[in-house]
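# Remarks on the overall topology
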Amino acid sequence: MGDSMQIPNYEKARVRSKDKVLFRNFKMLDEYLNIGIDKKFFLKTYGCQMNEHDSENLKGMLKLMNFQETEDMNDADFILLNTCSIRENAHNKAFGMLGRIKHLKEKNPNIIVALCGCMAQEVGVVEEIRKKYKFVNFVFGTHNLDDLPKLLKNSFNDSKQNIEVKSIEGDVIEDIPVKRDNPYKAYVNIIYGCDKFCTYCIVPYTRGKQRSRKKEDIINEVKELVHDGYQEVTLLGQNVNAYGKDLYDNYSLAELLEDISKTNIPRIRFITSHPWDFTDKMVEVIRNHDNILNFVHLPVQSGSSRILKLMGRKYTKESYLELYDKLRSIDNISITTDIIVGFPGETDEDFKETLDLVNYCKFDSAFTFIYSPRENTPASKLKDDITLKEKEERLYELNELINKYSKESNDKMLNNTYSVLIEGESTKEGMLFGYTETNKLVNVKGTIDNIGKIVNVKITDAKSFSLDGEIVE
Ligand code: 5AD
Ligand code: SF4
């Protein structure tokens, strides 16, 4: 089994052919069904919502194999890390965890340890695991999640380390079992992979080519969720606005949103949008459907057109702002963003343009990052000529501004009433928590019979990162 080793390969991961995407259906073989009897698994997930949802699929398979989940790593027979490559610190966290697992395994050599997710697709990571982390039983990538049952079975029979990572454009796999974390909100994949190749980003190499799920499969999944009582779906993709381009002539995210709206699921979100593929029709569809929430995550990355060009973002500051203005014209919309500081060659002038853009857009909130060079990406070959101190200062200054506008955006909500999906009890006694349509966290005074319901909440206090409120009729 160890002989079938497949290690990642960036040349292959970069290929984008015109070949048709393979659609296939997952099937659990009977021989795997009993593997988990009397065994527990511990799964740790890093990274984005895509990865969280992949973990829901991993859990779905493990449950079907009769494993029980445990929150306590010390208690597990099988430890699985679903990893992220996006920045250096995601790496460090996963390797730190492997260090802890090593000690556990010294005490109990029977534990099976595996690593999957985006880091598994990285050449350097797999090399390191083969050299320094020999106790890891197996590694599998983002393209063969469905190999988990087979790999697990093999690892019980063969102690040799097995690396099974495919650097392919990718298939679309339907019907993988799923064990959802949240009983009211569900993630639904609509498109996998990414063809944008932003120069700083590792995702096109770890997640394969852009490939849409068939609309019928998506709509049926949402219908089932409605049937099961779900209140909210989040449509997932590295770039959801590219939905359909690889599959249909005249069916895009706009049409998909309209069709999903008809299922009458109370709330529809979608992440993440790339400004490049955002059409006017999509803006109007958001404006005109009550259950398509007025919330758009629209990463800008930089306010300098010169840096945007170096990043390979395919839009300018001006064209971003044009789209931004169109979206802002939707009543009560919330727009959030991602910004990277310290991209190679970013001058004070470039950074000032980012601050200017933030002052113009007044984002409802933003994720901000220091640029992190990623293995094999074009940007990692550019001279990283900004000191860490400078990068940290820029991040600090940017965050101050972002927080100011988050607070302003929250302050505007004071004394007004919004609909909130109550998800559970808050850590504060007698309080519940939930999210507004614009994805703001609200701590709400109320009783537990409201959990799982969409209720009207009057906002009584506004902070930078959350709101307080009380339920009104
Ligand atoms: N360094 C820093 N931030 C990055 N992001 C993606 N790649 C990098 C990188 N190499 C950020 C972008 C993206 C978000 C998910 O992570 O802002 O939108
Ligand atoms: Fe991390 Fe990107 Fe992979 Fe998500 S797709 S897990 S953010 S590297």
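Here the structure is a predicted model, which means the values were calculated and not measured.

Right, let's talk about the side chain of Arg213 for a bit. Within the secondary structure, Arg213 sits in the loop between strand S11 (211–212) and helix H7 (215–227). Engagement of the side chain of Arg213 in a polar contact is seen with the backbone oxygen of Asn189, the distance being 3.0 Å. Of note is the side chain of Arg213, whose polar atom sits 2.7 Å from the side chain of Glu221. Setting aside anything within four residues of it in sequence, one finds Arg213 in contact with Phe23, Val172, Glu174, Val188, Asn189, Ile190, Tyr192, Ile218, Glu221, Tyr243 and Leu247.

To continue, consider the site of ligand 2. Around ligand 2 sit Cys48, Asn51, Cys84, Ser85, Ile86, Cys118, Val203, Arg207 and Gln238, and those are all the residues in its vicinity. Among the residues forming the shell around ligand 2, the class breakdown is five nonpolar, three polar and one charged. When residues are assigned to domains, the shell around ligand 2 turns out to be shared by domain 1 (10–164) and domain 2 (176–411), each giving three or more.

This part is about the domain arrangement of the protein chain. Under the domain assignment, the protein chain is made up of domain 1 (10–164), domain 2 (176–411) and domain 3 (417–471). Taking the mean C-alpha position of each, domain 1 and domain 2 sit 27 Å from one another. Contact residues are listed per partner, giving 36 residues for domain 1 and 36 residues for domain 2. Together domain 1 and domain 2 conceal approximately 3,400 Å² of surface at their shared face, both sides included; 59% is due to carbon and sulfur atoms.

Right, let's talk about the site of ligand 1 for a bit. In the vicinity of ligand 1, the contacting residues are Ile86, Arg87, Tyr200, Gln301, Asp338, Ile340, Phe369, Ile370, Tyr371, Ser372 and Arg374. Taking Arg87, its side chain carries an N or O atom lying 2.9 Å from an oxygen atom of ligand 1. Between ligand 1 and the protein, one listed contact pairs an oxygen atom with a side-chain N or O atom of Gln301 at 2.6 Å. Alone, ligand 1 offers 400 Å² of accessible surface; in the complex the protein occludes 86% of this.

Rules used in this analysis
- Residues numbered from 1 in each chain as written.
- Chains lettered and ligands numbered in written order.
- Predicted model: local features only at pLDDT ≥ 70, side-chain atom pairs only at ≥ 80, totals over all residues.
- Heavy atoms only, no water.
- Helix = DSSP H or I, 4+ residues; strand = E, 2+ residues; numbered from the N terminus.
- Polar contact = N/O pair within 3.5 Å; in protein donor to acceptor, adjacent residues only side chain to side chain.
- Contact = heavy atoms within 4.5 Å.
- Near = heavy atom within 4 Å.
- Nonpolar A, V, L, I, M, F, W, Y, C, P; charged D, E, K, R; others polar.
- Domains from an automatic or database assignment.
- Buried area = accessible area lost by both parts, 1.4 Å probe.
- Areas by Shrake-Rupley, 256 points an atom, 1.4 Å probe, with all protein chains shown as cover.

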